Amino acid sequence: MDFLRKTGARVAPPPPKSDDGRDQWPAAMGGCAGQGNLLRYPSVLYNNYGLQWFIPYLLAVFLIAIPALILEVAIGQAYRGGTVIAFNNINRRLKGVGMGPVIVSFIVVQYFTVNLAWIMNYFRYSFTSPLPWEGRIEDFYWNDVLQVGDIVEGSLSVDGNSVAWYQRYPSRALIGETVGWSIFIWFLIWFSIFRGVGMTGRVVYFTMGLPIVTTIIFRSDQLASGTVWQVAVGQVFFSTVIGFGYFTNYASYNQKHSSAVVDAVLICGSNVLFENFAAFAVFGVVGYLRRWPQDGVRLGAFVVGFLTLPEAVLQMPGANFWAILLFFTLVVLGFSSAFVMLDVVLTLICDSGMVKASRPVVVTVLTVLSFLMYLPYCTEFGYYLLDGVDRWVNNVALIFVAWSEVSSATTVYRWRDIVEQTGLPSFIVYNIRFFGGQIFGTALAHGISNPGAGAGAGIGFWAIMSVVAVLMARSLDAKAPRFWNRNTFICKFWFLAFYSGNQIRRDLNLIVGQGKNWKIPAFLPFLLRYISGPALAIVFSFAFPEFHSLRYDPMMITGFIISILTIIVVLVGFVMPRYYDAFIPIHRRGKGTEPTTAMETKGDFAGLPVSQIANAEGGLPRESASDHDDKAVKDDEAPPVYSPSGRRF
C-alpha cells in the first residue's frame, strides 16, 4: 500500500500552495490550445471566405478579447475564487453574472467531448492498412464515423412568416462505438481533475506541447453582413475560453500578486498565433482538394478539419504512422479543453462548501451526471444536435455572458460611492441611457434595416440622457482626476460615466499591478464599458434574425432555448441575488459590501505607505510594516458573524 500511495503521489502530486494557502495553478495557458484552434477555427474561417474574415476577427481580439481576458484573470487572481465568488466580490447582485460562465462550460463540455469519441474512431482505423477513408473521405466521415441518420427536411412558408413543416429526425438510436469511446474519454476527464490542480498541471504540460509539435509537422462584401462579425466574436471567445469561467477559475489558483495583465496578453496572443498557424496547415490541404467555399453552403463546426486532415495523411509516406500521430494529437487537444471546462463547475461546488463530500466523490458524481446528459449526442441525430447547441451557445449565451461581465463590472462596482456623490436619481437616469441606448439603437437598426440610423439613435439617446443625469446630479464632495475636475459639469459626468471602471482598475492594481508587474492600463475601463460592451450588444442582436430563419429545425430550437435559459439565470441573479448565496462560502458572503470612500482605494494593502506596498509586491522583507500587516491579514481572514438566517451582523 505504501508503494501505491507513493506512486499516486508522484503521478497526481498534491499541488503547491500560494501565499494565502490556496492551491497553486502553474499552467493557465493550457486551456487555449484545443480543438477550437485546429478543427473549429478552420471551419469558421472556411465558411467566412478567408482573408476578409481577419478584419472582424482581429478587431474582436484587440477590442474585446484581450480587455475581457485581463478582467477575468485579474478578478480571479485578486478575489481567490471562481467566477461566482469573484463577481460577488464586485457586487452581490452579480452572482448571476458569475453563474453564466459556469453554465456555458457545463453545456459545452457535454457536446464537445463527442468530438473526441469520433476522433477515437479515426484513431482506431489508423492501425488499418490501407487507411479505410482512402478515396471516400466524406462517405467515411458521415457514414462510418458519425453514422448520421436520415432527416426529413423542414422549411418556412413562402412568405417566411410561419413554419410550413418542422424538420424531423426519424433515426434516434444510440451508436454503440461512440458510447464506448465516450466512456473512455469521460474516465480520462475524471482522472485528470479528481486530485485537484496538482494532477491537472501535470496533464496540461503534456497537452500544451504535443499539438504544437504535430501542427509544425502538418503544416469585401461579406463584411456588411452581421453574421461574419457574430461568428468572429464567437470563435475568439470559444478558442480563448473567454466567458467559460476557465481563466477566472484558474487565476484564483495563481500567486495572488502575479502579473495578470502579462498573463492575459500572452494567453490571447498565443491563441491567435496557434490557431492561425494551424489554419495554414489545414488550408494547404483545402487548396489541394480544390474544396472552395460556396455561397449558401455552410459547413458545421469542426467539419473542415475532419475532411481535410485525414486527406493530408494520405499524401504522406508512412500514412498510418502520421494518421496515428494526428488523431492522438486531436484527442489531446480536445481533452485539454474538456477537463478544464468541467473543472469550472467542480470549483464552484467545492469552493462553496455546499457539499461536504470529498473532492474525488464530487468529481465522480459530476462526471457520471455529465456523461448521462451527454448521451443524446451519441445518437444518430447527435451531429445535428451538436450543431444546433454549438451555434446558439456561441452566438447567444456566450456573447451575452461576456457582455454582462464587461458591462456590469464597470457599472456597479462601488456604485454607492457614485450615489453618495451624485444622488440615486442621477445614477439611475444615466444607466438607463447606457443600457437603454444599446437596446433602442440595435432594435431600431434591425426594425428599419438601417444600421446607421440605429447607431445614431442609440448615441443620441445616450447623449440626451447623459445631459439630463448630469443636470440632476447634486453637488460633489470628492474631486475627479485631472482634466475632469476643471468644472462641475464634467466632474459630475466623470463620476457617472467612468468612476466604477476606474475604481475597479485602481483596486485591482493594488494586488495584480504592483512591483514589476504590468499595471491594468487606465484606458481599459473605458474600452470595456464603451467599446467592448456596445460591440457585444450589437453582435448579440444578430442572432435573433438568424434564428427566425431557422426556427423550423427542432435542434436549432433546442440550442436557442438552452441559450435563453442561460441568460435568464444571469438576470435572476441580478434581481434576486440571495437565491445564489448557496454558491458562496458563508464567511465570504459579505465581501464587496465593505464601506468605502469615494476616490480612495481599498484592498489588502490599502492605507499602507507606497514604499511598503512596493516592498510587499517585490517580495522584499516587510518588517517595517509587520504589525500593520499582521492585523490586516487577521482582519481579512476573520469570518464575519451571521445569524441563523444568513444575515450578516
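Throughout what follows, the structure given in this document is the object of discussion. (Residues numbered from 1 in each chain as written. Predicted model: local features only at pLDDT ≥ 70, side-chain atom pairs only at ≥ 80, totals over all residues. Heavy atoms only, no water.)

A short note on the environment of Ala543
Among the secondary structure elements, Ala543 is positioned in helix H21 (residues 543–548). Since its relative accessible area comes to 0%, Ala543 is described here as buried. Considering only alpha carbons, one finds Ala543 and Phe560, 17 residues apart in sequence, at a separation of 9.5 Å. (Helix = DSSP H or I, 4+ residues; strand = E, 2+ residues; numbered from the N terminus. Buried < 20%, exposed > 50% of the residue type's maximum accessible area, 1.4 Å probe, protein only.)

Let's talk about the nonpolar core
Core analysis: the biggest nonpolar cluster contains 142 residues, and Ile90, Trp133, Phe327 and Leu508 have the highest contact counts within it. Within the second largest apolar cluster, 23 residues are counted, among which are Phe493, Phe495, Ala497 and Met599. (Core = buried A, V, L, I, M, F, W, Y, C linked by side-chain atoms within 4.5 Å.)

Observations regarding the packing of helix H5 (residues 95–125) against helix H7 (residues 176–193)
A pair of packed helices can be characterised by two numbers: the angle between their axes and the separation between those axes. Contact geometry of H5 with H7 gives a least axis separation of 8 Å together with a crossing angle of 115°. When the axes of H5 and H7 are compared, the pair comes out roughly perpendicular. Relative to H7, the crossing made by H5 is right-handed. Taken together, the residues of H7 that come into contact with H5 (itself represented by Val109, Gln110, Thr113, Val114, Leu116, Ala117, Trp118, Met120, Asn121 and Arg124) are Glu177, Thr178, Trp181, Ser182, Phe184, Ile185, Trp186 and Ile189. The class makeup of the residues in the contact of H5 with H7 is 11 nonpolar, five polar and two charged. (Axes fitted to C-alpha atoms, helices over the stretch in contact; angles between N-to-C directions. Parallel < 35°, antiparallel > 145°, perpendicular 65-115°, else oblique. Left-handed = near helix turned anticlockwise from the far one by under 90°. Contact = heavy atoms within 4.5 Å. Nonpolar A, V, L, I, M, F, W, Y, C, P; charged D, E, K, R; others polar.)

Description of the pattern of salt bridges
Enumeration according to the criterion identifies eight salt bridges in this entry. Here Arg414 and Asp507 are joined by a salt bridge, their closest N and O atoms 3.0 Å apart. In this pair, Arg414 is assigned in the loop between helix H15 (382–409) and helix H16 (415–422) and Asp507 in helix H19 (residues 488–512), connecting sequence segments 93 residues apart. Take Arg414 and Asp507: they sit in the same class, and that class is buried. When salt bridges that share partners are traced, they join Arg136, Asp139 and Asp144 into one network. (Salt bridge = Lys/Arg side-chain N within 4 Å of Asp/Glu carboxyl O.)

Some words on the packing of H5 against H15
Between H5 and H15, the shortest axis-to-axis distance is 10 Å and the interhelical angle comes to 155°. Between H5 and H15, the crossing angle belongs to the class labelled roughly antiparallel. The way H5 lies across H15 gives a crossing that is left-handed. Residue-level contacts link Val97, Gly100, Pro101, Val104, Ile107, Val108, Tyr111, Val114, Asn115 and Trp118 of H5 to Tyr383, Leu386, Val389, Asp390, Val393, Asn394, Ala397, Leu398, Val401, Ser404, Glu405 and Ser408 of H15. Within the contact of H5 with H15, the residues separate by chemical class into 15 nonpolar, five polar and two charged.

Some points on the environment of Ser532
Mapped onto the secondary structure, Ser532 falls in helix H20 (residues 524–541). We classify Ser532 as buried; its relative accessible area is 0%. A sequence separation of 125 residues divides Ser532 from Ser407, and the C-alpha atoms of the two residues are 8.3 Å apart. Setting aside residues no more than four positions away along its own chain, Ser532 makes contact with Leu63, Ile64, Pro67, Val406 and Leu527.

What to know about the packing of aromatic side chains
The description of an aromatic ring pair uses the distance of the two centres, along with the angle that the planes make with each other. Under the defined criterion, the tally for this structure stands at 44 aromatic pairs. Between Trp392 and Phe560 the ring centres are 5.7 Å apart and the planes differ by 90°, which places this aromatic pair in the edge-to-face class. Separated by 168 residues along the polypeptide, Trp392 in helix H15 and Phe560 in helix H22 (residues 554–575) bring together distant segments of the chain. Residues Trp392 and Phe560 agree in their burial class; the two are buried. When the ring centre of Tyr125 is taken as reference, the NZ or CZ atom of Arg124 above it lies at 4.2 Å. Taking the ring centre of Tyr430 as reference, the NZ or CZ of Arg433 above it sits at 3.9 Å. (Phe/Tyr/Trp six-rings, centres within 6.5 Å; stacked < 30°, edge-to-face > 60°. Lys NZ or Arg CZ within 6 Å of the ring centre and 35° of its normal.)

What to know about helix H3 (residues 54–79)
Between its first and last C-alpha atoms H3 spans 35 Å; for 26 residues at 1.5 Å apiece the expected length is 38 Å, and the two agree. Val61 marks where H3 bends most, by close to 40°. Of all 26 residues in H3, 20 are buried, a share of seventy percent or more. Where H3 ends, the next residue or the one after it, Arg80, has phi of about 55°, a positive value. (Expected span 1.5 Å × (residues − 1). Bend = angle between axes of the 7 residues up to and from the residue.)

Section: a nonpolar patch on the surface
A grouping of Ile55, Leu58, Leu59, Phe62, Leu63, Phe526 and Ile531 is seen on the molecular surface, where their side chains present a nonpolar patch of about 590 Å² in accessible area. When residues in the nonpolar patch are grouped by element, the largest group, five residues, is from H3. Residue placement: Leu63 occurs in helix H3. Judged by relative accessible area, Leu63 falls into the partly exposed class, the value being 33%. (Patch = residues over 30% accessible without salt bridge, like charges linked within 9 Å, V, L, I, M, F, W, Y side chains within 5 Å. Areas by Shrake-Rupley, 256 points an atom, 1.4 Å probe, with all protein chains shown as cover.)

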